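Residue strings, one per chain:
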Amino acid sequence: MTRHDVAPPGLDDPPPLPQAEDSERAVLGLILCTRDAGETLRQARALLQSEDFFRPLHRDLFDAMPRALTPAGVDLSLLHLELAKDPERYEGAGGALALTTIQEYGWTSPNLERHAALIRAARRKRDTIALARQMDAASRNGDQFEQAMPQFIGALKELERTHTDALGPRAWSVSTLLDARLQEPRALFPGGLLSTGDSLLLAGDAGLGKSRLMLEQAVALASGTPWLGFDVAAPARVGVVTLELTRFHLQSRLKRMFLSPQLEACEGWLWFLTREDLPEGLDLLTTGIARLEQWCLDTQLQVLQLDPLSRLMHGSVEDNEHLALLIRNLDRLRDATGVSPELVHHVRKPMPQRGSAPASEGLAAVRGGTVLTAGVNAVLLLERRDSLRKLSFEKVSFGPEPDPLWLAIPKDGSATQLIQAPDQKSAANRSRIQEALVQAGEAGLSRAEIESAVGLVRSTIQRHLEALIEKGQVCSTGARGDHYSRYFASAHASPASIAGDAFVSEQMPMDYEE
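Residues numbered from 1 in each chain as written. Predicted model: local features only at pLDDT ≥ 70, side-chain atom pairs only at ≥ 80, totals over all residues. Heavy atoms only, no water.

**Notes on the overall build of the protein**
Moving on, step 1. When helices and strands are counted, the protein shows 18 helices and 16 strands.
Moving on, step 2. Counting the 514 residues in the protein, one finds 46% classified as buried.
Moving on, step 3. Considering only intrachain contacts with a sequence separation of at least 6, the fraction spanning at least 24 residues in the protein is 66%.
Moving on, step 4. When the accessible surface of the protein is split by element, carbon and sulfur atoms take 52% of a total near 26600 Å². (Helix = DSSP H or I, 4+ residues; strand = E, 2+ residues; numbered from the N terminus. Buried < 20%, exposed > 50% of the residue type's maximum accessible area, 1.4 Å probe, protein only. Contact = heavy atoms within 4.5 Å. Areas by Shrake-Rupley, 256 points an atom, 1.4 Å probe, with all protein chains shown as cover.)

Following this line, the structure appears as structure tokens:
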């Protein structure tokens, strides 16, 4: 790649100073290319100063960007005018051609924090070399060196303090941690459910709709539309790896579940790899993680769905060593790319002697147990409840755990429907029955009259009446289920209606004897 802002070194020139030229261009290019340039520039300026850049053009560009920022992003024409105020310096660094080259770098990697760390690390090395050269020059004069030694020691300590966050693995003191320039993860769903770099696991029995649920989430993230009542903070680039669906079945599912405008909004933000694209499979325990890392970097993915986990690791999902390696590899993927991996997995099968009873509940139901659930930031559990699905948030590391959601999957294969919780629906129906009885007053209502008043089927009304009678909120003048019984709100019960048994008489009342 041609460098426009530095002449090729001669044979007698000193070794070049440490620099992270590709990372400098990646940071600047990302600001130029991103849809939300203002937010990206704010994050970059929280991590870097113009002095951190090695190339003069890069320093000038970083300083000029705020003045060229518009609601639609960084205006290249304004940026060109800003840099051209010093035409000799600008053209000497390559001019508009160098600016175009930097812009192309914006599509190479979305990991702003990683590139910023490399830039700061290179500056620390340059500062260390500069200080060493000063000490070397001072050492040639003994008296001057002794006088300058306290100053050099202070400079070394300051150098270490200001560049602590650019060092390799080491312990952080309270002061260095509090003073460090750290980038806040971008929220994908507000409230702490999922942010960039977090990991998520969705588990459930086979055939419950886990894949379709994650597909709906992928489309929602890519199009910036809500998912199951959760708002999407901003559109995100999503990659889906599915080894269960062919391209044809994936295409059919997309057409059934989503409207065309929502899918059109995903263009450029949502990508798929099916089992036909991966004929040799993908092993997250070996080379597969490197292949995914490259795909995430090339496509600038922010979310990566892996479905199903059992077919993406050539090892046992119950083997602790295999699972520990999986978690380490996923952490490596997150650190290198900033992507949020989402795993689709199964729960443990029920014990044969227990029939259809679940083998365990909550996090313990997930295959792989605590090794797997402890290694991710969020765990969602999908369960069958008669014809409905219950989605529970068993673990959310960085926010409150939302209440369980109740879902209905239409038989025509269209989008999943978010419905009212059954207990809430029952309470609402019982309230409607009570309200009708209160309005009827002392006259009460028969079961047929209640059916006409509230619009519920007879079996549902009878079930709610029995529950209300057991709670003492409704009285009856006859035996339970008797066609001639009349029902009253407890406040309007007559003495005759509560004679004998407390609220329900098992004998036909005298008023109805022929």
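Having seen the model, we can carry on.
**Considerations on the sheet that holds strand β15 (residues 474-476)**
Two pairing modes exist for strands in a sheet, parallel and antiparallel, and in both the strands are linked by backbone hydrogen bonds.
Moving on, step 1. Read across the sheet, three strands follow the order β14-β16-β15 without closing on themselves; strand pairing throughout is antiparallel. Taken across any chain shown, the strands that pair with only one partner, and hence form the sheet edges, are β14 (445-446) and β15.
Moving on, step 2. Where β14 lies against strand β16 (residues 486-489), two bridges are found, and the strand directions are antiparallel. Note that in β16 the partner of serine 446 across the bridge is arginine 486.
Moving on, step 3. Along the sheet, helix α16 (residues 422-440) contacts β14, β15 and β16; its crossing angle with β16, the most-contacted strand, is approximately 90°.
Moving on, step 4. On the sheet, helix α18 (residues 458-470) packs against β15 and β16 and is oriented at approximately 105° with respect to β15. (Pairing = 2+ DSSP bridges. Axes fitted to C-alpha atoms, helices over the stretch in contact; angles between N-to-C directions.)

**With respect to the pattern of salt bridges**
Moving on, step 1. Applying the stated criterion across every chain, the model contains 17 salt bridges.
Moving on, step 2. The partner of glutamate 21 in a salt bridge is arginine 55, and the shortest N-O contact between them spans 3.8 Å. Within this pair, whereas glutamate 21 is found in helix α1 (residues 21-33), its partner arginine 55 is found in the loop between α2 (37-47) and α3 (56-64), the two being separated by 34 residues in sequence. Considered together, glutamate 21 and arginine 55 belong to a single accessibility category, that of buried residues.
Moving on, step 3. Residues joined by salt bridges that share partners form a network here, namely Glu21, Arg25 and Arg55. (Salt bridge = Lys/Arg side-chain N within 4 Å of Asp/Glu carboxyl O.)

**Some details on helix α10 (residues 210-223)**
Moving on, step 1. An ideal rise of 1.5 Å per residue puts 20 Å on 14 residues; α10 measures up with 20 Å between its terminal C-alpha atoms.
Moving on, step 2. The element α10 is extensively covered by neighbouring structure, given that 14 of its 14 residues are classed as buried.
Moving on, step 3. At the exit of α10 stands glycine 224, carrying a positive phi of roughly 75°. (Expected span 1.5 Å × (residues − 1).)

**What about empty space enclosed by the protein?**
Moving on, step 1. Evaluation of the coordinates by the stated rule reveals four cavities of 30 Å³ or more.
Moving on, step 2. Volume-wise, the largest cavity comes out at about 80 Å³.
Moving on, step 3. In terms of lining residues, the largest cavity is bounded by Ser211, Met214, Leu215, Val240, Thr242, Leu245, Leu250, Arg253, Gln305 and Asp307.
Moving on, step 4. Elements with a contribution of two residues or more to the lining of the largest cavity: α10, β6 (238-242), α11 (247-257) and β8 (303-307).
Moving on, step 5. For the lining of the largest cavity, the element with the most residues is α10, which contributes three residues.
Moving on, step 6. Residue composition of the lining of the largest cavity, by class: five nonpolar, three polar and two charged. (1 Å grid on protein atoms, 1.4 Å probe; cavity = no way out; pocket = protein on both sides within 12 Å on 5 of 7 lines; lining within 4 Å. Points joined across faces, edges and corners; volume = space filled by probe spheres on them. Nonpolar A, V, L, I, M, F, W, Y, C, P; charged D, E, K, R; others polar.)

**Some thoughts on the packing of aromatic side chains**
Moving on, step 1. Counted according to the given criterion, the structure contains five aromatic pairs.
Moving on, step 2. Where phenylalanine 230 meets phenylalanine 393, the ring centres are 5.7 Å apart and the plane angle is 70°; that geometry is what we call edge-to-face. Of this pair, phenylalanine 230 sits in the loop between α10 and β6 while phenylalanine 393 is found in strand β11 (residues 388-396), placing the two residues 163 residues apart along the sequence. Of the two residues, phenylalanine 230 and phenylalanine 393, both sit in the buried class.
Moving on, step 3. Here the basic side chain of arginine 45 rests over the ring of phenylalanine 62, its NZ or CZ set 5.2 Å away from the ring centre.
Moving on, step 4. Between arginine 237 and the ring centre of tryptophan 269, over which it is positioned, the NZ or CZ distance is 4.7 Å. (Phe/Tyr/Trp six-rings, centres within 6.5 Å; stacked < 30°, edge-to-face > 60°. Lys NZ or Arg CZ within 6 Å of the ring centre and 35° of its normal.)

**Considerations on a nonpolar patch on the surface**
Moving on, step 1. Taken together, the side chains of Trp172, Leu177 and Leu182 define a hydrophobic patch exposed on the protein surface, amounting to about 300 Å² of accessible area.
Moving on, step 2. Checked against the element boundaries, leucine 182 lands in the loop between α9 (174-179) and β3 (187-189).
Moving on, step 3. Overall, the relative accessible area of 52% leaves leucine 182 in the exposed class. (Patch = residues over 30% accessible without salt bridge, like charges linked within 9 Å, V, L, I, M, F, W, Y side chains within 5 Å.)

**Here's the deal with the packing of α10 against α11**
Describing two packed helices takes the angle between their axes plus the distance from one axis to the other.
Moving on, step 1. Interaxial distance between α10 and α11 falls to 12 Å at its minimum, and their mutual angle equals 65°. Relative to α11, α10 is oriented roughly perpendicular. Note on packing geometry: the crossing formed by α10 with α11 is right-handed. Residues Ser211, Arg212, Leu215, Glu216 and Val219 of α10 touch α11, and the partners they reach there are Leu250, Arg253, Leu254 and Met257.
Moving on, step 2. Among the residues forming the contact of α10 with α11, the class breakdown is five nonpolar, one polar and three charged. (Parallel < 35°, antiparallel > 145°, perpendicular 65-115°, else oblique. Left-handed = near helix turned anticlockwise from the far one by under 90°.)

That's the geometry; what it means functionally is another story.
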